[in-house]
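In case you want the letters, here they are:
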Amino acid sequence: MRTLNVNLGERSYPIFIGQDVLSQQQYILPYIKGRKVAVVTNETVAPLYLEKLKATLQGKEVTAVVLPDGERYKTWEVLQKIFDALLEDKHDRATTIIALGGGVIGDMAGFAAACYQRGVDFIQVPTTLLSQVDSSVGGKTGINHPLGKNMVGAFYQPKAVVIDTSSLVTLPERELSAGLAEVIKYGLICDEPFLVRLEESIDQLRLLDQSKLSEAIERSCAAKADVVGADERESGIRATLNLGHTFGHAIEAHQGYGSWLHGEAVAAGTAMALEMSCRLGWLSRDDQIRALRLFKRAGLPVVPPASMSPDDFMKYMAVDKKVLDGQLRLVLLKRLGEAVVTSDFPYDTLKQTLSADYQALAEQLGD
Ligand SMILES: NC(=O)c1ccc[n+]([C@@H]2O[C@H](COP(=O)([O-])OP(=O)(O)OC[C@H]3O[C@@H](n4cnc5c(N)ncnc54)[C@H](O)[C@@H]3O)[C@@H](O)[C@H]2O)c1
Ligand SMILES: O=C(O)C(=O)C[C@@H](O)[C@H](O)[C@H](O)COP(=O)(O)O
Ligand SMILES: [Zn+2]
């Protein structure tokens, strides 16, 4: 069992990482102040882990809120179902909401916690790799809008993050790969030695090697906790966690939420950010290929959808949350392990990036 901390003054909280922590009361009960708990989960995760969590919550009055599964349900309408259940079971301000599931559940349950009676406590119990390395930490909560990803939400920190690495054994392979996209992201933005480590261990990670997974989760959470601790509300360095997301969110929204998984869209979006970093003369072509090869070995796409035109991208990128006063800002790489957030690029370079031949690049990667 490993414990990390997100240091945010009075909003600080622990991240517990280990096998079977979900069954251990000492990692959950101290963070619940009242009698009542609402566990928000979905129809896929509930049959796998809800009873286990309920056993840990013995002595508490538990309302289970089981939502439909999928990115396309990260909406106002489905959020409302959480409020319906809380009110029907008379939850008051002493209640605690527990998010049991992947990033979709975590983002929605966290947003519900931020809004319900103007704010109640919540705990993250992430069960996908992506949610364990990224979404459960840092307090970004919210829902999608048809015109843009995560467009309505709040910064609202959990009281604790409980990462049970054994839950990954039931995760479909495609979802594991999606999580690896965000793991690779940390190497690219701030930790080149981690990238080397991932190059060595990527095959074992895909085979669910528990020790390699724990190491990758811990290193990812440590990187995220550092960045969030330094810049909780994204006025500076936190935006680097958005590498590949301006392009990736456009892919998710344009293709229809859920058609491309978030991690897949981030991987293809990062391929575009790498291309632009090369075109600006920052990243070398060799390093670009090295990064693309790692995504490919992780089972991730590096070619954006052929059906998307530069105008399709621009439509969604224009409302990205990093746009400031009408000016688009992008996360790009100066080199592997060093990201920058910048609006200082020629518009032509962006246009060329949006219409570059990613298929030809992918063909250079080999097997
Ligand atoms: N708040 C943040 O900082 C942040 C960071 C990254 C991503 N996100 C958001 O997270 C979402 C993506 O999260 P995700 O990749 O976890 O997707 P997800 O929540 O849709 O989960 C992926 C799939 O795995 C299933 N699942 C979950 N745990 C399982 C388990 N242990 N075994 C078997 N199946 C399981 C889910 O039911 C779902 O079908 C996106 O909405 C993205 O925008 C938020
Ligand atoms: O925590 C952050 O900050 C991130 O940017 C992490 C991202 O991986 C995540 O997808 C986040 O939800 C994107 O945030 P958004 O503000 O671009 O919606
Ligand atoms: Zn992301």
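The following refers to the structure shown. Given the structure is predicted, the values throughout are model-derived calculations rather than measurements.

Criteria and thresholds
Residues numbered from 1 in each chain as written. Chains lettered and ligands numbered in written order. Predicted model: local features only at pLDDT ≥ 70, side-chain atom pairs only at ≥ 80, totals over all residues. Heavy atoms only, no water. Helix = DSSP H or I, 4+ residues; strand = E, 2+ residues; numbered from the N terminus. Rg over C-alpha atoms; globule rule 2.2 N^0.38 Å. Buried < 20%, exposed > 50% of the residue type's maximum accessible area, 1.4 Å probe, protein only. Areas by Shrake-Rupley, 256 points an atom, 1.4 Å probe, with all protein chains shown as cover. Lys, Arg positive; Asp, Glu negative; His and termini not counted. Charge placed at Lys NZ, Arg CZ, Asp CG, Glu CD. Near = heavy atom within 4 Å. Polar contact = N/O pair within 3.5 Å; in protein donor to acceptor, adjacent residues only side chain to side chain. Nonpolar A, V, L, I, M, F, W, Y, C, P; charged D, E, K, R; others polar. Domains from an automatic or database assignment. Pairing = 2+ DSSP bridges. Axes fitted to C-alpha atoms, helices over the stretch in contact; angles between N-to-C directions. Donors = N, O, S within 2.8 Å, 3.2 Å for Na, K, Ca; no water. Parallel < 35°, antiparallel > 145°, perpendicular 65-115°, else oblique. Left-handed = near helix turned anticlockwise from the far one by under 90°. Contact = heavy atoms within 4.5 Å. Salt bridge = Lys/Arg side-chain N within 4 Å of Asp/Glu carboxyl O.

Looking only at helices and strands, the chain has 13 helices and 11 strands in total. Computed over the C-alpha atoms, the radius of gyration of the chain is 20 Å, within 12% of the 21 Å expected from 2.2 N^0.38 for a compact globule of 367 residues. With the C-alpha coordinates of the chain rotated into their principal frame, the extents come out at 60 × 40 × 35 Å. Counting over 367 residues, the chain shows a buried share of 57%. Summed over all atoms, the accessible surface of the chain reaches about 14,800 Å², with 49% contributed by carbon and sulfur. Here the chain holds 39 positive side-chain charges and 46 negative ones, and the gap between their average locations is 4 Å.

Here we take up the site of ligand 2. For ligand 2, the set of nearby residues contains 14 residues, the closest of which are Asp-134, Lys-140, Lys-224, Arg-238 and Lys-321. A distance of 2.8 Å is found between an oxygen atom of ligand 2 and a side-chain nitrogen or oxygen belonging to Lys-140. Side-chain polar atom of His-245 to an oxygen atom of ligand 2: 2.9 Å apart, as the coordinates give it. Contact with the protein chains hides 91% of the accessible area of ligand 2, taken as 440 Å² for the molecule alone. Residue assignment for the shell around ligand 2 shows that the elements contributing at least two residues are helix H5 (173–190) and helix H8 (245–255). A breakdown of the residues in the shell around ligand 2 according to their chemical character gives 1 nonpolar, 5 polar and 8 charged. In this structure, the shell around ligand 2 is formed jointly by two domains, domain 1 (1–166) and domain 2 (171–362), each of which donates at least three residues.

Okay, the sheet that holds strand E2 (residues 13–18) next. Strand pairing in a sheet relies on backbone hydrogen bonds, with the paired strands running either antiparallel or parallel. The strand order across the open sheet built from 7 strands is E1-E2-E9-E6-E5-E3-E4, with neighbouring strands paired in mixed fashion. If you trace the sheet from one side to the other, it starts and ends with strand E1 (2–6) and strand E4 (61–67), each paired once. Ignoring strand direction, the axes of neighbouring strands in this sheet form an average angle of 20 degrees. With 7 bridges connecting them, strand E3 (residues 36–42) and E4 associate as parallel partners.

A few words on the coordination of the zinc ion (ligand 3). Bound to the zinc ion (ligand 3) are the protein donor atoms Glu-182 (OE), His-245 (NE2) and His-262 (NE2), situated 2.0 to 2.1 Å from the metal. All donors of the zinc ion (ligand 3) come from a single chain, and their spacing in sequence reads E-x62-H-x16-H. Placement of His-245 in helix H8 and of His-262 in helix H9 (residues 262–279) is noted, with a sequence separation of 17 residues between them. Summarising the burial analysis for this pair, His-245 and His-262 share the class buried.

Turning to the packing of H5 against helix H10 (residues 285–297), a few remarks are in order. Interaxial distance between H5 and H10 falls to 10 Å at its minimum, and their mutual angle equals 160 degrees. Taken as axis vectors, H5 and H10 run roughly antiparallel relative to one another. Between H5 and H10 lies a crossing whose hand is right-handed. For the pair H5 and H10, contact is made by Ala-181, Ile-184 and Leu-188 and by Ala-291, Leu-294 and Phe-295, respectively. The class makeup of the residues in the contact of H5 with H10 is 6 nonpolar, no polar and no charged.

Here the structure, examined in full by the defined rule, presents 27 salt bridges. Across the salt bridge formed by Lys-140 and Glu-234, the nearest N and O atoms sit 2.5 Å from each other. Residue Lys-140 is found in strand E7 (residues 140–145), and its partner Glu-234 is found in the loop between helix H7 (210–230) and H8; the two are separated by 94 residues along the sequence. We classify Lys-140 as partly exposed; its relative accessible area is 33%. Residue Glu-234 is classed as buried on the basis of its relative accessible area of 16%. With its nearest N and O atoms 3.1 Å apart, the salt bridge here joins Glu-338 to Arg-335. For Glu-338, a relative accessible area of 33% translates into the label partly exposed. Through salt bridges with shared partners, a single network forms among Glu-71, Lys-74, Asp-107, Lys-149 and Glu-252.

In short, geometric facts, not functional conclusions.
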